[in-house]
Amino acid sequence: MSANPFSFKLLKTDGMARRGEIETPHGIVSTPAFMPVGTQATVKAMYPGQVRETGADVVLGNTYHLMLRPTAERVARLGGLHTFMNWPHTILTDSGGFQVMSLAQLRKLDEDGVRFQSHIDGAKYHLTPERSVEIQGLLGSDIQMQLDECIKLPSPREEVERAMELSLHWAERSRAQFETMGGPAKGQGLYGIVQGGDVPDLRVRSAEELSKMPFEGYSVGGLAVGEPQDVMLRMLDITTPVMPVDKPRYLMGVGTPDDLLESVKRGIDQFDCVMPTRAGRHGLAYTRFGKVNLKNARHMDDPRPLDAETECPASSVYSRAYLHHLVRAGEGLAAMLLTWNNLAYYQSLMKGMRDAIETGTFDDFYQKTKSDWARGDIAAL
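This text gives an overview of the structure that appears in the document. (Residues numbered from 1 in each chain as written. Predicted model: local features only at pLDDT ≥ 70, side-chain atom pairs only at ≥ 80, totals over all residues. Heavy atoms only, no water.)

### Section: the overall build of the protein chain
Item 1. Check the secondary structure of the protein chain and you find 15 helices and 16 strands.
Item 2. Over its C-alpha trace the protein chain gives a radius of gyration of 20 Å, about what one expects of a compact globule, namely 21 Å for 381 residues.
Item 3. When contacts within the protein chain are restricted to residue pairs at least 6 apart in sequence, long-range pairs at least 24 apart make up 66% of them.
Item 4. Counting every atom, the protein chain has about 15500 Å² of accessible surface; 53% of that belongs to carbon and sulfur.
Item 5. With 42 positive and 48 negative side-chain charges, the protein chain shows a separation of 4 Å between the mean positions of the two kinds. (Helix = DSSP H or I, 4+ residues; strand = E, 2+ residues; numbered from the N terminus. Rg over C-alpha atoms; globule rule 2.2 N^0.38 Å. Contact = heavy atoms within 4.5 Å. Areas by Shrake-Rupley, 256 points an atom, 1.4 Å probe, with all protein chains shown as cover. Lys, Arg positive; Asp, Glu negative; His and termini not counted. Charge placed at Lys NZ, Arg CZ, Asp CG, Glu CD.)

### Considering the environment of methionine 300
Item 1. Summarising the element assignment, methionine 300 is placed in the loop between strand 16 (290-293) and helix 12 (313-316).
Item 2. Sequence separation between methionine 300 and isoleucine 238 is 62 residues, and the spatial gap between their C-alpha atoms is 47 Å.
Item 3. Not counting chain neighbours up to four residues away, the residues in contact with methionine 300 comprise Ala321 and His324.

### Here we look at the nonpolar core
Item 1. Ranked by internal contacts, the top residues of the largest apolar core, which has 90 residues, are Leu251, Phe271 and Phe362.
Item 2. Top element by residues in this core is helix 14 (residues 332-358). It accounts for 13 residues.
Item 3. Residue contacts for phenylalanine 271: discarding those within four places in its chain leaves Ala33, Phe34, Met35, Tyr250, Leu251, Val254, Leu260, Ser263, Val264 and Met350.
Item 4. Phe6, Val58, Leu92 and Ile193 belong to the second-largest nonpolar core, a separate cluster that totals 16 residues. (Core = buried A, V, L, I, M, F, W, Y, C linked by side-chain atoms within 4.5 Å. Buried < 20%, exposed > 50% of the residue type's maximum accessible area, 1.4 Å probe, protein only.)

### Digging into the pairing of strand 3 (residues 27-31)
Item 1. Bridging between strand 2 (residues 17-24) and strand 3 involves five bridges; their strand directions are antiparallel. Opposite threonine 24, over in strand 3, you have glycine 27 as the bridge partner.
Item 2. A loop of two residues connects strand 2 with strand 3, the two strands running antiparallel in sequence. (Pairing = 2+ DSSP bridges.)

### Considerations on the pairing of strand 8 (residues 114-117)
Item 1. Bridging between strand 7 (residues 105-109) and strand 8 involves three bridges; their strand directions are antiparallel. Among the inter-strand pairings, glutamine 105 is bridged to a residue of strand 8, identified as glutamine 117.
Item 2. Here strand 7 hands over to strand 8 after four residues, the two strands then running antiparallel side by side.
Item 3. As paired strands, strand 8 and strand 9 (residues 124-127) are joined by four bridges and run antiparallel to one another. Looking at the pairing, valine 114 lines up with leucine 127 of strand 9.
Item 4. Hairpin remark: strand 8 followed by strand 9, antiparallel, with six residues in the connecting loop; positive phi at glycine 122, about 80 degrees.

### Some points on the pattern of salt bridges
Item 1. Scanning the entire structure with this criterion turns up 28 salt bridges.
Item 2. Taking the shortest distance from any N to any O, the salt bridge between aspartate 237 and arginine 266 comes out at 2.9 Å. In this pair, aspartate 237 sits in helix 9 (residues 229-239) while arginine 266 sits in the loop between helix 10 (257-265) and strand 14 (270-273), placing the two residues 29 residues apart along the sequence.
Item 3. Classification of aspartate 237 as partly exposed rests on a relative accessible area of 41%.
Item 4. On the basis of relative accessibility, which here comes to 16%, the residue arginine 266 falls in the buried class.
Item 5. Across the salt bridge formed by aspartate 377 and arginine 320, the nearest N and O atoms sit 2.8 Å from each other. Taken together, the residues aspartate 377 in the segment after helix 15 (362-375) and arginine 320 in helix 13 (residues 320-329) connect sequence positions 57 residues apart.
Item 6. When salt bridges with common partners are traced through the structure, they connect Asp237, Asp258, Glu262, Arg266 and Lys370 into a single cluster. (Salt bridge = Lys/Arg side-chain N within 4 Å of Asp/Glu carboxyl O.)

### Notes on the sheet that holds strand 1 (residues 7-14)
Item 1. Reading across the sheet, the three strands line up as 1-2-3 and stay open at both edges, with antiparallel pairing between neighbours. Lying at the two open borders of the sheet, with one neighbouring strand each, are strand 1 and strand 3. Between one strand axis and the next, the sheet turns through 15 degrees on average, direction left out of account.
Item 2. Two elements, strand 1 and strand 2, share seven bridges in a ladder whose sense is antiparallel. Within the sheet, the bridge partner assigned to lysine 9 lies in strand 2 and is glutamate 21. (Axes fitted to C-alpha atoms, helices over the stretch in contact; angles between N-to-C directions.)

### Details of the layout of surface pockets
Item 1. A volume near 920 Å³ is recorded for the largest pocket.
Item 2. For the largest pocket, the lining is made up of 41 residues, of which Phe98, Gln99, Gly253, Asp272 and Val274 are closest to its centre.
Item 3. Elements that contribute at least two residues to the lining of the largest pocket include exactly helix 5 (97-102), helix 9, strand 14 and helix 11 (275-281).
Item 4. Of the voids in this model, the second largest pocket is the one considered here, and its volume is about 740 Å³.
Item 5. Thr310, Ala344, Tyr345, Ser348 and Leu349 are the residues nearest the centre of the second largest pocket, which is lined by 31 residues in total.
Item 6. If you list the elements that add at least two residues to the lining of the second largest pocket, you get strand 15 (284-287), helix 12, helix 14 and helix 15.
Item 7. Element by element, the count of residues in the lining of the second largest pocket is highest for helix 14, at ten residues.
Item 8. Counted by class, the lining of the second largest pocket contains ten nonpolar, eleven polar and ten charged residues. (1 Å grid on protein atoms, 1.4 Å probe; cavity = no way out; pocket = protein on both sides within 12 Å on 5 of 7 lines; lining within 4 Å. Points joined across faces, edges and corners; volume = space filled by probe spheres on them. Nonpolar A, V, L, I, M, F, W, Y, C, P; charged D, E, K, R; others polar.)

### A few points about unusual backbone geometry
In most cases, non-glycine residues show a negative phi, while peptide bonds are predominantly trans.
Item 1. In the segment running from threonine 31 into proline 32, the intervening peptide bond is cis, with an omega of 5 degrees.
Item 2. Of note, proline 32 is situated in the loop between strand 3 and strand 4 (33-38).
Item 3. Omega for the peptide link from leucine 153 to proline 154 comes to 0 degrees, which places this bond in the cis form.
Item 4. Topologically, proline 154 is positioned in the loop between strand 10 (143-145) and helix 7 (157-180).
Item 5. Phi is positive for alanine 41, close to 65 degrees, though the residue is something other than glycine.
Item 6. Tracing the sequence through the fold places alanine 41 in the loop between strand 4 and helix 1 (48-53).
Item 7. The phi angle at asparagine 86 is positive, at roughly 55 degrees, despite the residue not being glycine.

Written as structure tokens, this is what we have:
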């Protein structure tokens, strides 16, 4: 393995859609890629081997939660996050910034960083760009994120611009710390994060300024925070053309299957979202024919599986009647099977997009996928 194996190869394009590969110390990530969220060093209701079998090349770990419990220092002593969670493949960690803004108590933000109290026990912490990168280095993740400030939308332009400028300043500090910790020599990558809310010229300025910094990849942050989908897509339309062509592009915290399809069409390479796992724990299945709510009584006597044509056993072996029963009875197996189904469907969707880009048929795939969703689950009877 080379001294710096982190690399990105753009293999094929079809319109704005991109097919590529990210090489990290723990393997190849085929893009476009969906990254299951393993918040606390686990993808909820799934074994690591199952996650891998769905087609996932990479999972996401959460810096905020892991720094509080069990602590990054403990994970480092125990061999790093890959060993700790028995996932020998690529791991991306976020910076912790979003969770600080959304979960922490009594937070106070300034130019230096953010001070906050843990939502678990009220203990006080100080998260700076340097500390965030240090934590991610201790965890040993392959892809790390700069600390940024993510604000809710809509917000006044002045507030959006302030947060964007602060995030640019923190990007420089994050990069310096990443270099100090030897991240490049370890083959790790650090991504910058484009901010700017729903203000087009701020998005462009953020992307242009970040592009001048030597990041291994670039992310689009601050979307999927409550704004309508059309706003998110409009921001992608003006942002991705300004982002470096030869580096991976990551849309953070997104999203629904439709979000993924539309965003790949606009040049995005990586995604993460809790939606498929969270939905699975609440009785909702994603399929080729849209969403299926297993709480609904219409499934009570339905002997069909969710999708007989898929290779995932959770989708093709168990009847809807049984899944409905498990959901209504509150059985843990319901969450396990539906999460398995959902992650398998998401990965199948990503593979379908990769194959379509490879063969120059992305538009056809896009139209057929939309048509199947529009038909709905009833049409599959």
